[in-house]
Amino acid sequence: MAAEVVILGGGVGGTIVANLVAKQSAGRAHVTVVDATGIHVYQPGFLYVAVGQEKPSALQRPERQLLRHDVSLVVDRATRVDPVGRQVQLESGATLPYDQLLLATGSRTVMSEVPGGVAAHDFYTMAGAGRLFKALEAFQEGTIVIGVAGIPYKCPPAPVEFVFLLDDYLRGRGIRDKVQIKLLSPLNRAFTIEATSKLVQPILAERGIELTGFFNVESVDPVGRTVTSLEGETVSYDLLVLVPPHRGQKVIEDSSLGDERGWVPVDKNTLKHTKFERIWAIGDTTSIPISKSGSVAHYEASVAAAEISAALNGEAPPAHVYDGKVMCFLETGQGQATTIRFDYDHPPVSPSPARRWHWAKALFNKTYWHTVPQGRLP
Amino acid sequence: MSITIATSLDLKGLSCPLPIIKTAKAMKELAPGQLLEAFATDPGSVSDFKAWAKVTGNPLVEAGEDGGVYRFVLRKKEA
């Protein structure tokens, strides 16, 4: 009988692992992906929806189309994992037994954790990005404030990219001189990574984007239209965009598989659960102190697939482990971008912003559907 | 007057900017003049704590390192 591999989550990480394990097992394992919606969403595109450069329809495809034919897809919500009985309970009432389980459920945003936060816009969901663009289209003059209301959050460069794309958008409409853009940063620089901050800060200044450091958003006053920081500062806004607090998915919390925020503890190299046998986790799902981004899920996926395949065959774990590799693009506006690359042993480096990085990002976004989910890009 | 620490934070293993955010949260709970100590392992926290203290006006009264663990003591500023 074929071994059962169950993968919770049909995002970038879960989809790649499903396809790779099915391929590597050559029929000896049966792979099932459980996904609540059955729709695969390319989340890096939300940023572009928020400034009207992309349509929501271009960012989603049926998960079924991205999986090999021998991978089963169950469109249902996993509600509980029993790591001892080795089975997953589904919302429909069905249970799925497993021999190996991958948690690739990602993160969820919880703006409700910020007092008054519901008044803020965000670009961390498709609906939120769509609403934000509508609000921007109606915006004529005043102050737009962008802040961070929780760490960790997906795609660390996103707030910086957003202010640059917002600057482009407002210039395009000819109203840039009537709008103040203020970026509130958790640290005393634009971005956690110092080398990248040094690169982007002069560009922020050049574009007239005001940077306020050590402003960790604590609460919002929707009536007075102010946002207050943990540090005790208050800033007024006409339109507020916040990076919402993030948590792991409810199934992780309900099954006691993660920490107090629902992030799953795994070995940072093998991606194996630190407490439970036969469970692995990748991408946003884990508590590894590394970027929550599609690129991390992508690089981790081949390692998790090899680990799971070896475990299925009773072989020794593969020599190739996850080395902490991260590669992100960062849009700097006006058709230019830079990149950020690093791993556990090498500090981040960013080249000077150039048109070619913007085009590389645009090309990656377009070709994603035919390369990444299938595991065709290493 | 003896110096007593009102709150001690274990921020070891956390990477930037989490140590600063957890510290900012804890400092909010202190009364003016009270001390907070924090232990961190992120090398970036050395410059971050220094800068945070300067910008927010809460003095950094001690900063040291022992075997890869950094210790910081901050005093809550007068209201």
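The model shown is predicted, which means the values in this text are computed figures rather than measured ones. (Residues numbered from 1 in each chain as written. Chains lettered and ligands numbered in written order. Predicted model: local features only at pLDDT ≥ 70, side-chain atom pairs only at ≥ 80, totals over all residues.)

Notes on the overall build of chain A
Here is the rule: Put simply, DSSP H or I for four residues or longer makes a helix, DSSP E for two residues or longer makes a strand, and each gets a number counted from the N terminus. Only C-alpha atoms enter the radius of gyration, while the globule expectation follows 2.2 Å times N to the 0.38, with N the number of residues. We call two residues in contact whenever the C-beta atoms placed from their backbones are within 7 Å.
Helices and strands together make up the secondary structure of chain A, namely eight helices and 22 strands. Its C-alpha atoms give chain A a radius of gyration of 21 Å, near enough to 21 Å, the size a compact globule of 378 residues would have. Within chain A, contacts between residues at least 6 apart in sequence are counted, and of these 65% link residues at least 24 apart.

Some thoughts on the domain arrangement of chain A
Residues and elements named next belong to chain A. Put simply, the rule reads: Where each domain starts and ends comes from a domain assignment, either automatic or drawn from a database.
Here the domain parsing of chain A yields domain 1 (3-106 + 249-322) and domain 2 (111-245). Using only C-alpha atoms to locate each centre, domain 1 and domain 2 end up separated by 31 Å. The element that contributes the greatest number of residues to the side of domain 1 that touches domain 2 is helix α2 (residues 46-50), accounting for four residues.

Quick notes on the interface of chain B and chain A
Note the cut-off: When residue character is reported, Ala, Val, Leu, Ile, Met, Phe, Trp, Tyr, Cys and Pro are called nonpolar, Asp, Glu, Lys and Arg charged, and the others, Gly included, polar.
Across the contact, 15 residues belong to chain B and 11 residues belong to chain A. Put simply, the parts of the chain that give the side of chain B that touches chain A at least two residues each are α1 (18-28) and α2 (45-56) of chain B. For the side of chain B that touches chain A, the element with the most residues is α1 of chain B, which contributes six residues. Here the side of chain B that touches chain A is composed, by residue class, of 10 nonpolar, two polar and three charged.

Observations regarding the environment of G172 of chain A
All names here are of chain A. The condition is simple: Residue burial is a threshold on neighbouring C-beta atoms within 10 Å of the residue's own C-beta, all placed from the backbone, with 20 or more meaning buried, 12 or fewer meaning exposed, and counts in between meaning partly exposed.
Tracing the backbone shows G172 in helix α4 (residues 158-172). Judged by local crowding, G172 falls into the exposed class, with 11 C-beta atoms found within 10 Å. Remark: the alpha-carbon pair of G172 and G38, spanning 134 residues in sequence, is separated by 37 Å.

Some thoughts on the packing of helix α1 (residues 12-25) of chain A against helix α7 (residues 294-312) of chain A
Residues and elements named next belong to chain A. Condition: Angular values range over 0 to 180 degrees, each being the angle between N-to-C directions of two axes fitted as lines to C-alpha atoms, with helices fitted over their stretch in contact. Here roughly perpendicular refers to angles of 65 to 115 degrees, roughly parallel to angles under 35, roughly antiparallel to angles over 145, and oblique to all remaining angles. Here a crossing is taken to be left-handed if its near helix is turned anticlockwise relative to the far helix by less than a right angle, and right-handed if that turn runs clockwise.
Contact geometry for α1 and α7: axes closest at 8 Å, N-to-C directions at 30°. Relative to α7, α1 is oriented roughly parallel. In the crossing of α1 with α7, the sense of the turn from one axis to the other is right-handed. Where α1 approaches α7, its residues V12, G13, I16, V17, L20, V21, Q24 and S25 are matched on the opposing element by G294, A297, H298, E300, A301, S302, A304, A305, I308, S309 and L312. In terms of residue class, the contact of α1 with α7 is made up of 11 nonpolar, seven polar and one charged.

Considerations on the pairing of strand β22 (residues 346-349) of chain A
Residues and elements named next belong to chain A. Quick reminder of the rule: Pairing between two strands is assigned when DSSP locates at least 2 bridges connecting them.
In the sheet, strand β21 (residues 336-343) pairs with β22 via two bridges, with the strands oriented antiparallel. Looking at the pairing, R341 lines up with V349 of β22. Between β21 and β22, which pair antiparallel in sequence order, lie two residues.

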